[in-house]
Amino acid sequence: MAIAVERVSGRRRGDHIAGYLADGPWDYAYTGPVDHPIRGRVDQGGLASRVELAELPEVVKFLVVEASDMAALAEAGRGLGLMVNHHLDEAIIDFAPGSTTKWEALTSMGIGAYAAFGNDINDFDLLRNAERAVRVGAHPGLDGVAHVSVAAEPEAVAAEIALLARAAEER
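Here is what the cut-offs are and how they apply
Per chain, residue numbering runs from 1 following the sequence as it is written. Only residues with pLDDT of 70 or above have their local features reported here, since the model is predicted, and side-chain atom pairs are shown and tallied only from 80 upward, although totals for entire chains, interfaces and linings are computed over all residues. To obtain the side-chain values, all non-hydrogen atoms of the structure were used and water was disregarded. Pairing between two strands is assigned when DSSP locates at least 2 bridges connecting them. Helix and strand assignments follow DSSP, with helices taken as H or I runs no shorter than four residues and strands as E runs no shorter than two, numbered in order from the N terminus. Contacts are assigned to residue pairs that have any heavy atoms within 4.5 Å of one another. Each polar contact in these results corresponds to two N or O atoms within 3.5 Å; when the atoms are within protein, one needs to be able to donate a hydrogen and the other to accept it, and residues that are neighboring in sequence are counted only if both atoms are side-chain atoms. Counted as salt bridges are all cases of a side-chain nitrogen of Lys or Arg within 4 Å of a carboxyl oxygen of Asp or Glu. For every residue, the accessible area obtained with a 1.4 Å probe (protein chains only) is divided by the maximum for its type, and the residue is called buried under 20%, exposed over 50%, and partly exposed between those limits. Angles here are taken between N-to-C directions and fall from 0 to 180 degrees, while the axes themselves are lines fitted to C-alpha atoms, restricted in helices to the stretch in contact.

**Observations concerning the pairing of strand β3 (residues 61-67)**
On a regular strand, one side chain projects to one face of the sheet and the next to the other, so that they alternate. Of the pairings in the sheet, the one linking strand β1 (residues 18-23) to β3 comprises six bridges and is antiparallel in character. Note on β3: the bridge partner recorded for Ala22 is Phe62. Relative to strand β5 (residues 92-96), β3 is paired through three bridges, and the arrangement is antiparallel. In the sheet register, Leu63 faces β5, and the bridge partner there is Asp94.

This is the structure in structure tokens:
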């Protein structure tokens, strides 16, 4: 990524002071605040390691969790041709290469019929094209695409998965 997103004391024009979460295939790099809510959703099973960004073999997801100017950083990412989702409700920006969406990833693998669970605006296309679209939580940007909404709790998600499994068995 060509945007400088490091925690530094000095600043050049075009640089952005930012804290981030970079997910690798297994491990992750994190430079954001210790008390950021995203920390509770990363590696809940304690199986991954927090490493330096350079130690990740590849970055599969990149989230900015704090920045000196979030709006300018989001715009800079768009200017580089990145897919940018600025989650205003969580004060997070996620970056993906080009116009990559989860739905495009599925279709590139030849998957056209699927059920999907999503909790944020970056799940919009995934849910919009699903045979069964389940909104997890109450993100208002997903109002028009979800067939059903469930609480953002493991038990509620598990119950919906069990319902889908039973329906599949009956077919």
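**Looking at the environment of Asn129**
Checked against the element boundaries, Asn129 lands in the loop between α3 (124-128) and β7 (132-136). C-alpha of Asn129 to C-alpha of Ala116: the two residues are 13 residues apart in sequence and 9.0 Å apart in space. Not counting residues within four places of it along the chain, the set of residues in contact with Asn129 comprises Trp103, Gly112 and Tyr114. In terms of polar contacts, Asn129 uses its side chain to reach the backbone carbonyl oxygen of Asp125, at 2.8 Å.

**Quick notes on the pattern of salt bridges**
This model, assessed by the stated rule, comprises five salt bridges. Taking the shortest distance from any N to any O, the salt bridge between Glu75 and Arg78 comes out at 3.6 Å. You can see Glu75 and its partner Arg78 sitting in helix α1 (residues 70-79), three residues apart, about one turn around the helix. Residues Arg128 and Asp125 are paired through a salt bridge, measuring 2.7 Å at the closest nitrogen-oxygen approach. On the criterion of helical spacing, the pair formed by Arg128 and Asp125 is a turn pair, its members being three residues apart in helix α3. Arg128 gets classed as partly exposed once you look at its relative accessible area, which sits at 45%.

**As for the sheet that holds strand β6 (residues 115-118)**
Judged by pairing direction, the sheet is parallel, and its three strands sit side by side in the order β6-β7-β8 without closing on themselves. For this open sheet the edge positions go to β6 and β8 (148-150), each flanked by a neighbour on one side alone. Neighbouring strand axes in the sheet, compared pairwise and without regard to direction, differ in orientation by 25° on average. When β7 meets β8, the two strands line up parallel, connected through three bridges. Opposite Arg135, over in β8, you have Ser149 as the bridge partner. Together, β6, β7 and β8 form the strand contacts of helix α4 (residues 154-170), whose direction differs from that of β6 by roughly 170°.

**So, the sheet that holds β5**
Reading across from one edge, β2-β1-β3-β5-β4 is the order of the five strands in this open sheet, with antiparallel pairing throughout. Where the open sheet ends on each side, the last strands, each with one partner, are β2 (28-30) and β4 (83-87). Strand after strand, the sheet turns through a mean of 20° between neighbouring axes, direction not considered. Inspection of the sheet shows β1 paired to β2 by three bridges, in the antiparallel sense. When the bridges of β2 are listed, Asp23 appears paired with Tyr28. In the packing of α1 onto the sheet, contacts are made with β1, β3, β4 and β5, and the angle to β4 comes to roughly 160°.

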